[in-house]
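Take a look at the letters that make up each chain.
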Amino acid sequence: MASMYAHYRFYSSSEVPLDLKLHVTSLDCKHLARTAALAGLDEDIDPQDLVVRAHVYNDGTENAEQGEYTPQLPMLLGSSVFWNGWLTLPLRIQDLSRDAQLVLTLWAPGELLVGGCRITLFDERLRLRSGAHRLPPWAPI
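Asker: Can you break down the layout of surface pockets residue by residue, with the values?
Answerer: A volume near 820 Å³ is recorded for the largest pocket. Lining the largest pocket are 30 residues, with Leu22, His23, Val24, His133 and Leu135 sitting closest to its centre. For the lining of the largest pocket, the elements supplying multiple residues, two or more each, are β1 (19–28), β5 (80–92), β6 (101–108) and β7 (112–120). Tallying contributions element by element places β1 first for the lining of the largest pocket, with 9 residues.

Written out as structure tokens, the structure reads:
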């Protein structure tokens, strides 16, 4: 007789020797004109020139490893930039602490900070987050 319960396998994050990898689908760039004006730029920032930098904070301190992603063929639609690219960080999932956070920052040419966002890597049940997440970027002051 077949079991009426499905079999699930769970692994502790300390047993997962994989690099941390995330997929960047699109960025909302509504505040770029305001950021350019605050920085004293004469022209607007081209959303296609943006660079995403990813940092992981473990136990409140930043890891030395970081990832950077520049899109190859971004597509601009309204105020959004669609990148559809993968970003792999040289940090193994098994090395993450329970309170690890991923911080994404957006940079324009000339090292101008455009915005950023953050998310904890583990949910309230201490499971590694997966799936799509909407992370609205904050604008610099």
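Asker: Please give an account of the nonpolar core that cites residues and values.
Answerer: Counting 30 residues, the largest nonpolar core has Ile45, Leu50, Val56, Leu96, Leu102 and Leu121 as its most contacted members. Elements with a contribution of two residues or more to this core: β1, α1 (32–38), β2 (51–58), β5, β6 and β7. The contact partners of leucine 102, leaving out residues within four places of it in the chain, are Leu22, Ala54, His55, Val56, Leu89, Cys117, Arg118, Ile119 and Leu121.

Asker: An account of the pairing of β2 is requested, with residue identities and associated values reported.
Answerer: In terms of burial, β2 is a largely internal element, 7 of the 8 residues being buried. By the bridge criterion, 7 bridges tie β2 to β6 in an arrangement that is antiparallel. Within β6, the position partnered with valine 51 by the bridge is tryptophan 107.

Asker: Residues and numbers for the side chain of aspartate 123, please.
Answerer: Here aspartate 123 shows up in the segment after β7. By relative accessible area, aspartate 123 is classed as buried at 14%. At 2.9 Å, the side chain of aspartate 123 and the backbone nitrogen of arginine 125 are in polar contact. A polar contact of 2.8 Å, which involves the side chain of aspartate 123, links it to the backbone nitrogen of arginine 127.

Asker: Talk me through the environment of leucine 20; I want residue IDs and the actual numbers.
Answerer: Within the element layout of this structure, leucine 20 appears in strand β1. Assessed through its relative accessible area of 7%, leucine 20 is described here as buried. Residues leucine 20 and aspartate 95 lie 75 residues apart in sequence; the distance between their C-alpha atoms is 9.9 Å. Setting aside its immediate chain neighbours within four residues, leucine 20 contacts Val56, Leu87, Thr88, Leu89, Leu91, Ile93 and Leu121.

Asker: Describe the pattern of salt bridges, listing the residues and the values that go with them.
Answerer: Taken as a whole and assessed by the stated rule, the structure comprises 2 salt bridges. Glutamate 111 serves as the salt-bridge partner of arginine 53, at 2.9 Å between the closest nitrogen and oxygen. Taken together, the residues arginine 53 in strand β2 and glutamate 111 in the loop between β6 and β7 connect sequence positions 58 residues apart. The exposure class assigned to arginine 53 is buried, which follows from its relative accessible area of 14%. Since its relative accessible area comes to 51%, glutamate 111 is described here as exposed. The shortest N-O distance in the salt bridge between aspartate 123 and arginine 127 comes to 3.5 Å. The class of arginine 127 is partly exposed, set by a relative accessible area of 40%.

What counts, and where the lines are drawn
Residues numbered from 1 in each chain as written. Predicted model: local features only at pLDDT ≥ 70, side-chain atom pairs only at ≥ 80, totals over all residues. Heavy atoms only, no water. 1 Å grid on protein atoms, 1.4 Å probe; cavity = no way out; pocket = protein on both sides within 12 Å on 5 of 7 lines; lining within 4 Å. Points joined across faces, edges and corners; volume = space filled by probe spheres on them. Helix = DSSP H or I, 4+ residues; strand = E, 2+ residues; numbered from the N terminus. Core = buried A, V, L, I, M, F, W, Y, C linked by side-chain atoms within 4.5 Å. Buried < 20%, exposed > 50% of the residue type's maximum accessible area, 1.4 Å probe, protein only. Contact = heavy atoms within 4.5 Å. Pairing = 2+ DSSP bridges. Polar contact = N/O pair within 3.5 Å; in protein donor to acceptor, adjacent residues only side chain to side chain. Salt bridge = Lys/Arg side-chain N within 4 Å of Asp/Glu carboxyl O.

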